[in-house]
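# Survey of secondary and tertiary structure
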Amino acid sequence: MHITVPDGKDPTEYVWTELVPEIGRAARRFSRTVTAESTLGLREFEAARLRIAQINGCIVCMDWRTERDGVRVESTFGDAVEQWKTTDSFDVRTRLAAEYAERYAVDHHGLEDEFWGRMSAQYSQAEIVELSISIGSWITSGRLNHVLGLDTVCAIPVSD
């Protein structure tokens, strides 16, 4: 870990609530809102989220599975996300969500008209914006956790 945490303190809670309390609370609310208010299908949501987790290398993010109404993606879903180009486990929207997440994270300047044509054929403009905001939030929080080394010691925080 690259932040010094006082003895007895939970590293995640300390970083997010004590070191930068206002920004940390706002970031956590934003992260929770992305998950709680998403209108995207669970498989699309998780394909994009997990692809960002894989790219970021955030251990806790890769282990996490979003749950909706008691449902989670299958245990092999993470492997399918890594193989998003060739897996037969994904429909067109789920594959596009994984592709968009990867390209957004590693080559956002390379998102050409052909890609946007495919996205617009499958997703509404509101869904594209929602997916874009979600991916941006996952890049930020996952990279922060990984870069600071929090992903090796953190659990998903539950309080504001």
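Here, the structure is the one placed above.
A word on the overall build of the chain. Assigned secondary structure in the chain consists of eight helices and zero strands. Written out in order from the N terminus, the α and β elements of the chain read α-α-α-α-α-α-α-α. In terms of overall size, the chain behaves like a compact globule, its C-alpha atoms giving a radius of gyration of 16 Å where 160 residues would be expected to give roughly 15 Å. Projected onto the principal axes, the alpha-carbon positions of the chain cover approximately 50 × 30 × 30 Å. Within the chain, the fraction of its 160 residues that count as buried is 45%.

Looking now at the nonpolar core. Counting 29 residues, the largest nonpolar core has Met119, Tyr123, Leu131 and Ile135 as its most contacted members. Within the residue set of this core, elements represented by two or more residues are helix H3 (42-56), helix H5 (77-82), helix H6 (92-106), helix H7 (113-122) and helix H8 (125-147). Beyond its immediate stretch of four places on either side in the chain, Leu131 contacts Leu40, Ala48, Ala97, Tyr100, Met119 and Tyr123. Val5, Tyr14, Val15 and Leu150 belong to the second-largest nonpolar core, a separate cluster that totals five residues.

In this section: H8. Taking 1.5 Å of rise per residue, the 23 residues of H8 would be expected to cover 33 Å, and the 33 Å separating its terminal C-alpha atoms lies within 8% of that figure. One or two positions beyond H8, positive phi appears at Gly149, with a value near 80°.

Moving on, we get to the side chain of Glu102. Relative to the assigned elements, Glu102 resides in helix H6. The residues contacting Glu102, other than those within four sequence positions of it, are Arg51, Ile55, Trp84, Lys85 and Asp107.

Criteria and cut-off values
- Going along each chain's sequence as written, the residues are numbered from 1 onward.
- The model is predicted, so local features are restricted to residues of pLDDT at least 70 and side-chain atom pairs to those at 80 or more, both for listing and for counting; the totals for chains, interfaces and linings are taken over all residues.
- Heavy atoms throughout the structure, all of them, feed into the side-chain values; hydrogens and water do not.
- A run of H or I in DSSP counts as a helix once it spans at least four residues, and a run of E counts as a strand once it spans at least two, with each numbered from the N terminus.
- Atoms counted for the radius of gyration: C-alpha only. Globule rule: 2.2 Å times the number of residues to the power 0.38.
- Between buried and exposed lies partly exposed: a residue is buried under 20% and exposed over 50% of the maximum accessible area for its type, with that area taken using a 1.4 Å probe on protein chains only.
- Nonpolar core, defined: a set of buried Ala, Val, Leu, Ile, Met, Phe, Trp, Tyr and Cys residues in which side-chain atoms within 4.5 Å join the residues together.
- Throughout, a residue-residue contact means that at least one pair of heavy atoms, one from each residue, lies within 4.5 Å.
- Here the expected length of a helix is defined as 1.5 Å per residue gap, with one fewer gap than residues.

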